[in-house]
Amino acid sequence: MQNHLYTALKKYAQSNPIRFHMPSHNGIDLGIDTSMDITELSFSDNLIESDGIIKNCENNIANAYGTKYGIMITSGATTAIATALHTAKNKGNKLLMLGDLHKSVHNFANVLYFDISYSENLDNINPNEYDAIIFTSPNYFGKVQDIQKLKNTTALVIADSSHGAHFAFCSKLPDLQTDIANITVLSFHKTLPVLTGGAGILTNDEKLYQMLVYSRSILHTSSPSYLIMASIDNAICEMALNGETLYNQVLSEIDNFKKQLCDRYFVVDNDDKTRLCISAKGKDGYKIAKLLERKNIYLETVYFDCLVAIVTPYNYKYLQLLANALNSIEIQDNIKRFEIKKATKIDTINKKVEFLQIKNAVNKVCAATVGIYPPGIPMLTVGDLITKQTIQFLTDKKYTVFGLIDGKIPVFKN
């Protein structure tokens, strides 16, 4: 028996890597150690029924984001999404899934048996025809969605703002639009100095808050991590106090980075300037990322020819090194994007699941969400017909694919 996971993480940490990936504490000392790892004691409150020091932390979250209520999660935004959708189910069954959404949204919408509709945008959509509408803003690549049309809808509006937890702490960053969204999901660890799994939910409605707490009590682990909660508590207070100054420094250094980058690349324009999306102009981003890793520089992800780096107050000082490293890399290999085609849904009620080798799944009906991770946006969802083109993509070893089970794809039996 060998502890390969522990050894790999220890080796990575000891190499002093340059990290542009989540969690966004970037490996700094958070002042948190195992002596603080406790359970529910006489003084330590209980996340599921908070009324003491955990409740104080949740009040801090609400105050920092300018909402009436804040809810803490230690098992990631996936649990926060599940909680939000479970709460939405109490309003009704008709759910509009707007634009590209994380696999967790697709998974829980199916588990909760919503009557699901899909739309790429709000054009020609009457929001009042739905009980709930869920969308992503900002998305994985820093784009914010315009939701003004949802301002007075009768539908419950849920914003998956997992990638925007830092917005509230700098006036030069976009607005989270919590005045429009009834429920806002945040993933603190993605952009704040928080341990992995730290997430939260915001709302301004008392009845929704009560339902969200009720849903959390059903879906959240009864063994929440006090280390994660402590890191959230500390990060929220630190950012509320110093976030504006810290992020102004970040944004200034990003401007310098753009000027230093050679003409083989360009920074894609987006709404969140700290989500640095660097286009390699059609060249193979996966090969570039591998060459960066040889220089001990690790990005958040690669998406075809787009290199994604999350820039925070804890790693912006390395942007000069990133620019120098990129400028020193020159490859000739082109890469072609795989365009996700939305398939017509096929009825899967009462059908059984089996697991097939990918090459044998052509024209079968998918029983899972399948795609590239990150960003975690499915190219296949439950009920989609699996095409030969999709099979060719999934068998390309270049990509890290989610949704497979021991290399096999879940499908419904005929």
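Definitions and cut-offs
Residues numbered from 1 in each chain as written. Predicted model: local features only at pLDDT ≥ 70, side-chain atom pairs only at ≥ 80, totals over all residues. Heavy atoms only, no water. Pairing = 2+ DSSP bridges. Helix = DSSP H or I, 4+ residues; strand = E, 2+ residues; numbered from the N terminus. Axes fitted to C-alpha atoms, helices over the stretch in contact; angles between N-to-C directions. Contact = heavy atoms within 4.5 Å. Phe/Tyr/Trp six-rings, centres within 6.5 Å; stacked < 30°, edge-to-face > 60°. Buried < 20%, exposed > 50% of the residue type's maximum accessible area, 1.4 Å probe, protein only. Lys NZ or Arg CZ within 6 Å of the ring centre and 35° of its normal.

Student: Mind laying out the sheet that holds strand S4 (residues 115-119), listing which residues take part and the relevant values?
Tutor: Here 7 strands make up an open sheet; going across it, the order is S2-S8-S7-S6-S5-S3-S4 and the pairing mixed. Looking at strand neighbours, the two that pair on one side only are strand S2 (69-73) and S4, the edges of this open sheet. Neighbour-to-neighbour, the strand axes of the sheet open up by a mean angle of 20 degrees, direction not taken into account. In terms of strand pairing, strand S6 (residues 156-160) meets strand S7 (residues 183-186) through 3 bridges, oriented parallel. The residue bridging Ala-159 from the neighbouring strand is Thr-184, located in S7. Where helix H3 (residues 76-89) meets the sheet, its contacts fall on S2, strand S3 (94-98), strand S5 (132-136), S6, S7 and strand S8 (199-203), and the angle it forms with S7 comes to roughly 165 degrees.

Student: Residue-level account of the sheet that holds strand S17 (residues 378-380), with values.
Tutor: With antiparallel pairing, 3 strands are arranged side by side in an open sheet as S17-S16-S18. Looking at strand neighbours, the two that pair on one side only are S17 and strand S18 (401-402), the edges of this open sheet. Pairing between strand S16 (residues 370-372) and S18: 2 bridges, direction antiparallel. Across the sheet, the residue bridging to Ile-372 is Val-401, located in S18.

Student: Please give an account of the packing of aromatic side chains that cites residues and values.
Tutor: Evaluation of the coordinates by the stated rule reveals 12 aromatic pairs. The interplanar angle of 65 degrees and the centroid separation of 5.4 Å between the aromatic rings of Tyr-65 and Phe-169 together place this pair among those described as edge-to-face. Here Phe-169 lies in the loop between S6 and S7 and Tyr-65 lies in helix H2 (residues 53-65), a separation of 104 residues in the sequence. The same class applies to Tyr-65 and to Phe-169, which are both buried. Between Tyr-140 and Phe-141, the ring centres sit 5.4 Å apart and the planes meet at 75 degrees, which makes this aromatic pair edge-to-face. According to the relative accessible area criterion, Tyr-140 is buried, its value standing at 5%. Linked through ring pairs, Tyr-140, Phe-141, Tyr-286, Tyr-303, Phe-304, Phe-393 and Tyr-399 together constitute an aromatic cluster. The ring of Tyr-130 carries the charged tip of Lys-94 above its face, separated from the ring centre by 5.7 Å.

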